[in-house]
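Notes for the structure review
The lines below spell out each chain.
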Amino acid sequence: DIQMTQSPSSLSASVGDRVTITCRASQSVSSYLNWYQQKPGQPPKLLIYGASSLQGGVTSRFSGSGSGTDFTLTISSLQPEDFATYYCQQTYTSVFTFGPGTTVDIK
Amino acid sequence: QIQLQESGPGLVKPSETLSLTCTVSGGSISSYYWSWIRQPAGKGLEWIGRIYSSLSPNYNPSLKSRVIMSVDTSKNQFSLTLTSVTAADTAVYFCARDNWVEQWGYYFYGLDVWGQGTTVTVSS
């Protein structure tokens, strides 16, 4: 199975900050990498698919990049509603796996 | 606007079978993959598996020996059965639509519509 890791596991940031989260796969997943945002008590929300394509209705503050084994999610200017946990997910194989998550909280 | 709703017992005894149903409203269950994901309290997401009505399902290898997924197109529902449960199966269980986008001749999947989740506790 493909294992996913994320770094950092948590970070503290201020409104307006540029935030970058990293996701790494144990083997190449090409561009089959998604990013989700989850707030407490809510289901996750798809932000990015195909490593860099913005899901419909998602603000352009979010962007994704990378291919192969290394990926990043960037929030260009952190807003109050962006404080949440972010998960990557690979869909390269028939067995999908999530990363362990990165929690973004208020500094 | 498609919506998903999980239903099933909130409490299951150890060694027994957990059965959940996800009802799809506002759209057809046909032509999509449908997934189950779970999340223990305070922890991350675990992909359980996915199913397409006319194809064999894909399961997480760690659960494969205990999981069965099925689709009932007549009811617009899909279901999850997990046998021989233990306390480690206590979690919020989500159902989700596994949508796809074709780009450059490749198909990219993503969980774009989710149910609100249902809490299942395994306890005697």
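A short tour of the structure in this document, coming up. (Residues numbered from 1 in each chain as written. Chains lettered and ligands numbered in written order. Predicted model: local features only at pLDDT ≥ 70, side-chain atom pairs only at ≥ 80, totals over all residues. Heavy atoms only, no water.)

This paragraph deals with the nonpolar core. All names here are of chain B. One finds Leu4, Leu18, Trp36, Phe78, Leu80 and Tyr93 to be the most contacted residues of the largest nonpolar core, which totals 26 residues. Take this core: its biggest share by element is 4 residues, from strand 3 (residues 18-25). Dropping the residues within four chain positions of it, Leu80 is found in contact with Leu18, Ser19, Leu20, Trp36, Ile48, Val67, Ile68, Met69 and Tyr93. (Core = buried A, V, L, I, M, F, W, Y, C linked by side-chain atoms within 4.5 Å. Buried < 20%, exposed > 50% of the residue type's maximum accessible area, 1.4 Å probe, protein only. Helix = DSSP H or I, 4+ residues; strand = E, 2+ residues; numbered from the N terminus. Contact = heavy atoms within 4.5 Å.)

Residues and elements named next belong to chain A. By the definition in use, this model includes 8 salt bridges over all chains. Between Arg61 and Glu81 there is a salt bridge, and its shortest N-O distance comes to 3.7 Å. With Arg61 in the loop between strand 6 (53-54) and strand 7 (62-67) and Glu81 in the loop between strand 8 (70-75) and strand 9 (85-90), the pair connects residues that are 20 residues apart, well separated along the chain. Taking relative accessible area as the criterion, Arg61 reaches 18% and is therefore assigned buried. Take Glu81: its relative accessible area is 41%, and that puts it in the partly exposed class. (Salt bridge = Lys/Arg side-chain N within 4 Å of Asp/Glu carboxyl O.)

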